[in-house]
Amino acid sequence: MTLDLRSCTNADCMNCKKPQREEFTESGICKLTTSVLDNLPVRCVGSWATEKIYRLTQYFGIFAKGMSKAWVGLNYIEICSGPGRCTIRETGEEIDGTPLAILNSQYFQFINKAVFIDNSVSAIDTLNMRITKLGKSHSRAVYGDYRDIMSLERALSGMNTTLLTLAFIDPTDCSVPFETIKYLKRKFSRIDVIFNFAYGTDMIRNIRRAIENPQYPVRKKYDLFFGNKEFLSHPDTIKIKDSSPENKNLANAFLKEYKKNLDNIGLKFSAEKYVKNYYWLLFASGHKTGLKFWNESQKIGPDDQREFHFED
């Protein structure tokens, strides 16, 4: 599937390093640069964003087309949507973010309703202006906080919960409580989830200290992320920490545990893809067809090279 992100060069992008980004962005949205296409705000992202968008849209196409005849309608939910356009800080390239990539997909015609959620009012207002320009009347961007179930309940009000649903959750760190995943599974009994498991940008940097010191600031965040307080203090977890200097081994153990937790709530078919050593895109479904579609959609990488998938 050809992916057209309406790429262009944004000459105003300052290619910010981390200290500058903290000064020149708010909720990831650049304060200095606007879109070349529509003069609306853009989100500052890393170069790996293109692969993420590619892998999401590859699955979306197979999901929407493949299930459209089996269901009277389909839902799409995106959490941490952003404003819809991005600039890649390393190069100054401007591209569509995940919301516009989905909305502009030829397969979006099969979606009954789409809701894009963010906790930035600026991002929501901007994305709604872009949605209006596209004429996608069955789509909306709404305020919501993934740490607040009532906030999500308000954001998702009016959606037909009996429809097959795809949810994409794209945080920048491991701060989405597992209770949020459980809530989505309860509300939409037939749901596929694609989740940004931020091991490289968060967990791999902090996890060892979080295990060693229960008072370490991110310890509570990780406990909520996993949905229990036992895992980080479990003897097997401590054994992995003590026996291996590689934080990535810990991250692999945590991914395995997280997938076990997904299985326990009915999302038993799961798989993951590395995205440039920054995070895993973790897929989970309650039905084997979802996993079949995911594996099929990921056979060709963003560089048009066939990738091998090995069954467990």
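Everything that follows concerns the structure shown earlier in this document.
Treat the numbers as computed from the prediction; the structure is a model and nothing was measured. (Residues numbered from 1 in each chain as written. Predicted model: local features only at pLDDT ≥ 70, side-chain atom pairs only at ≥ 80, totals over all residues. Heavy atoms only, no water.)

### Structural notes on the overall build of the protein
Okay, so step 1: Counting its secondary structure elements, the protein contains eleven helices and 13 strands.
Okay, so step 2: Radius of gyration (C-alpha) of the protein: 19 Å, near the 20 Å computed for a compact globule of 312 residues.
Okay, so step 3: The 312 residues of the protein split such that 54% are buried.
Okay, so step 4: Relative to all contacts within the protein whose residues are 6 or more apart in sequence, the contacts with residues 24 or more apart total 71%. (Helix = DSSP H or I, 4+ residues; strand = E, 2+ residues; numbered from the N terminus. Rg over C-alpha atoms; globule rule 2.2 N^0.38 Å. Buried < 20%, exposed > 50% of the residue type's maximum accessible area, 1.4 Å probe, protein only. Contact = heavy atoms within 4.5 Å.)

### A short note on the layout of surface pockets
Okay, so step 1: As a volume, the largest pocket reaches approximately 1,300 Å³.
Okay, so step 2: Lining the largest pocket are 46 residues, and of these G28, C44, P171, T172 and D173 sit closest to its centre.
Okay, so step 3: Those elements that provide at least two residues to the lining of the largest pocket are α1 (18-24), β2 (25-26), β4 (41-45), α2 (49-67), α3 (98-103), β8 (111-118) and α7 (199-212).
Okay, so step 4: Within the lining of the largest pocket, the residues separate by chemical class into 16 nonpolar, 15 polar and 15 charged. (1 Å grid on protein atoms, 1.4 Å probe; cavity = no way out; pocket = protein on both sides within 12 Å on 5 of 7 lines; lining within 4 Å. Points joined across faces, edges and corners; volume = space filled by probe spheres on them. Nonpolar A, V, L, I, M, F, W, Y, C, P; charged D, E, K, R; others polar.)

### Quick notes on the sheet that holds strand β9 (residues 139-143)
Okay, so step 1: Within the open sheet, the seven strands sit side by side as β9-β8-β5-β10-β11-β13-β12. Their pairing is mixed. The sheet is open, and its two borders are formed by β9 and β12 (269-275), each paired with just one other strand. When strand polarity is set aside, the average angle formed by the axes of neighbouring strands in this sheet is 15°.
Okay, so step 2: The pairing of strand β10 (residues 164-169) with strand β11 (residues 191-197) spans five bridges and is classified as parallel. Across the sheet, residue T165 finds its bridge partner in β11, namely I191.
Okay, so step 3: Packing against the sheet, α2 makes contact with β5 (74-79), β8, β10, β11, β12 and β13 (279-285), and its axis sits at approximately 175° to β10.
Okay, so step 4: Sitting on the sheet, helix α10 (residues 247-264) touches β11, β12 and β13, and the angle it makes with β13 is about 15°. (Pairing = 2+ DSSP bridges. Axes fitted to C-alpha atoms, helices over the stretch in contact; angles between N-to-C directions.)

### Some remarks on the packing of aromatic side chains
Okay, so step 1: Taken as a whole and judged by the stated rule, the model has 21 aromatic pairs.
Okay, so step 2: Ring centres 5.8 Å apart and planes at 55° place the aromatic pair Y76 and F116 in the tilted group. Of the two residues, Y76 is situated in strand β5 and F116 in strand β8; the sequence distance between them amounts to 40 residues. For the pair formed by Y76 and F116, the shared burial category is buried.
Okay, so step 3: Taken together, a centroid distance of 5.3 Å and an interplanar angle of 90° make the contact between F178 and Y258 edge-to-face. Here F178, found in helix α6 (residues 178-187), pairs with Y258, found in helix α10; they are 80 residues apart in sequence, far enough to count as distant. In this pair, the class of F178 matches that of Y258, namely buried.
Okay, so step 4: Three or more aromatic residues joined by ring pairs form one cluster here, namely F178, F195, F197, Y199, F225, F226, F231, F254, Y258, Y274 and W280. (Phe/Tyr/Trp six-rings, centres within 6.5 Å; stacked < 30°, edge-to-face > 60°.)

### Quick look at the environment of C44
Okay, so step 1: Locating C44 in the fold gives a position in strand β4.
Okay, so step 2: The sequence separation of C44 and C16 amounts to 28 residues, and the corresponding C-alpha distance is 8.9 Å.
Okay, so step 3: Filtering out sequence-adjacent residues up to four positions away, C44 remains in contact with R21, T25, G28, T87 and R89.

### Regarding α7
Okay, so step 1: Its axis deflected by about 45° at N206, α7 carries its strongest bend there.
Okay, so step 2: Among all positions in α7, only Y199, G200, D202, M203, N206, I207, R208, A210 and I211 are buried. (Bend = angle between axes of the 7 residues up to and from the residue.)

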